[in-house]
Amino acid sequence: AATNANQKLIRFGKILSDITEREVHLLASTLSKSNHALIEKDIITLFPGGIPANYEPCQSDHALFQIHVTKMTIQNRMVRLEHDANVAKGNAVKAQRKDMTKLSLVHMRRRKAALEELDRCATILTNLDASELRLERAKNDVQIVQSYTLLKTALQDIHKSNDIENVEELMLDIREEMENVGGIGDGAIYPEDAIDEDELNEEFKLLELECENEECSKAQDDAIEKQPYSVSAKDLDAQPTTGQQNEDSNASKAEAVPA
């Protein structure tokens, strides 16, 4: 399912990458008028099921989206800078081998500038990661506070609408009934003297030994079957062939006949 979703996103990305600016404006206008997108400045928020009636714009979501886009841009730039640094290094080596010292120095300066910019981008990316984590934590803290507030209000309403003494009496009655039901069930299904743990342990040990013996015998049988059967030439000479066996038997019969 995840693979199919990724393939769909890739296809959508290819389609959107080939459309013109006019077609982008037409698509954004269509989504907005059909109540499936909300456009705020340069940010478009999509709602596959339509914009909810009680929807309120959230700046934190926009900030997280902007951080994500910036991180992707910086990561792509870092890849390009690393490639440029490697190309400059190769060009510098080639120029030095051709005794073109000034050109080699130019390529080395390019490589140094690319590496310095790469370090700066790495620092920015680290700061963005930390900022994203802090913002997500702050959003979670707000949700937790809201949940605690709702919980407090719900508990207060419950205490106002119910008498605590009656609740305590009801809980005691429930405990008594549960104990009665539990005693009846235990007595009917599991009598006290019905299960002997020591006897079960001994039976379990015997079963383990039996299984081990069966496995050992099976392994020995398999080893015997797989063992090659070899006969020496001496044994083959000693064993009579079929013709020889027949001649020997006929000779013995002839000797047994009286003259």
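Parameters and conventions
Residues numbered from 1 in each chain as written. Predicted model: local features only at pLDDT ≥ 70, side-chain atom pairs only at ≥ 80, totals over all residues. Heavy atoms only, no water. Helix = DSSP H or I, 4+ residues; strand = E, 2+ residues; numbered from the N terminus. Buried < 20%, exposed > 50% of the residue type's maximum accessible area, 1.4 Å probe, protein only. Contact = heavy atoms within 4.5 Å. Areas by Shrake-Rupley, 256 points an atom, 1.4 Å probe, with all protein chains shown as cover. Expected span 1.5 Å × (residues − 1). Pairing = 2+ DSSP bridges. Salt bridge = Lys/Arg side-chain N within 4 Å of Asp/Glu carboxyl O. pLDDT = per-residue confidence, 0-100.

**A word on the overall build of the protein**
Looking only at helices and strands, the protein features 8 helices and 2 strands. Ordered by position in the sequence, the α and β elements of the protein form the string α-α-β-β-α-α-α-α-α-α. When the 259 residues of the protein are sorted by exposure, 10% land in the buried category. Here the contacts in the protein between residues at least 6 apart in sequence split such that 47% fall between residues at least 24 apart. Working note: accessible area of the protein is about 22400 Å², and carbon and sulfur atoms make up 57% of it.

**Quick notes on helix α3 (residues 59–97)**
For α3, spanning 39 residues, the distance from its first C-alpha to its last is 57 Å, which sits close to the expected 57 Å at 1.5 Å a residue. Listing the buried residues of α3 in full gives S60, H62, L64, I67, K71, I74, M78, L81, A85, A88, A92 and A95.

**Remarks on the pairing of strand β1 (residues 37–40)**
In the sheet, β1 pairs with strand β2 (residues 43–46) via 4 bridges, with the strands oriented antiparallel. Bridging across to β2, L38 finds its partner in T45. The antiparallel pairing of β1 with β2 creates a hairpin that spans 2 residues between the two strands, and K41 there sits at a positive phi of about 60°.

**With respect to the pattern of salt bridges**
Counted according to the given criterion, the structure contains 4 salt bridges. Two residues, E132 and K71, come together in a salt bridge whose shortest N-O distance is 2.7 Å. With E132 in helix α4 (residues 101–161) and K71 in helix α3, the pair connects residues that are 61 residues apart, well separated along the chain. Neither E132 nor K71 differs from the other in exposure class; each is buried. A salt bridge links R77 to E117; its shortest N-O distance comes to 2.7 Å.

**Considerations on the side chain of E132**
Exposure remark for E132: the relative accessible area of 15% places this residue in the buried category. Apart from the residues within four sequence positions on either side, E132 is in contact with L64, I67 and K71.

**Digging into helix α2 (residues 21–33)**
The terminal C-alpha atoms of α2, which comprises 13 residues, lie 18 Å apart, in line with the 18 Å expected from a rise of 1.5 Å per residue. N35 sits one or two positions beyond α2 and adopts a positive phi of about 65°.

**Some points on the confidence of the model for the protein**
For the protein, the average pLDDT comes to 77, and 77% of its residues sit at 70 or higher. Note on residues 251–259: pLDDT is under 50 here. Beyond four places in sequence and across chains, it has 0 contacts.

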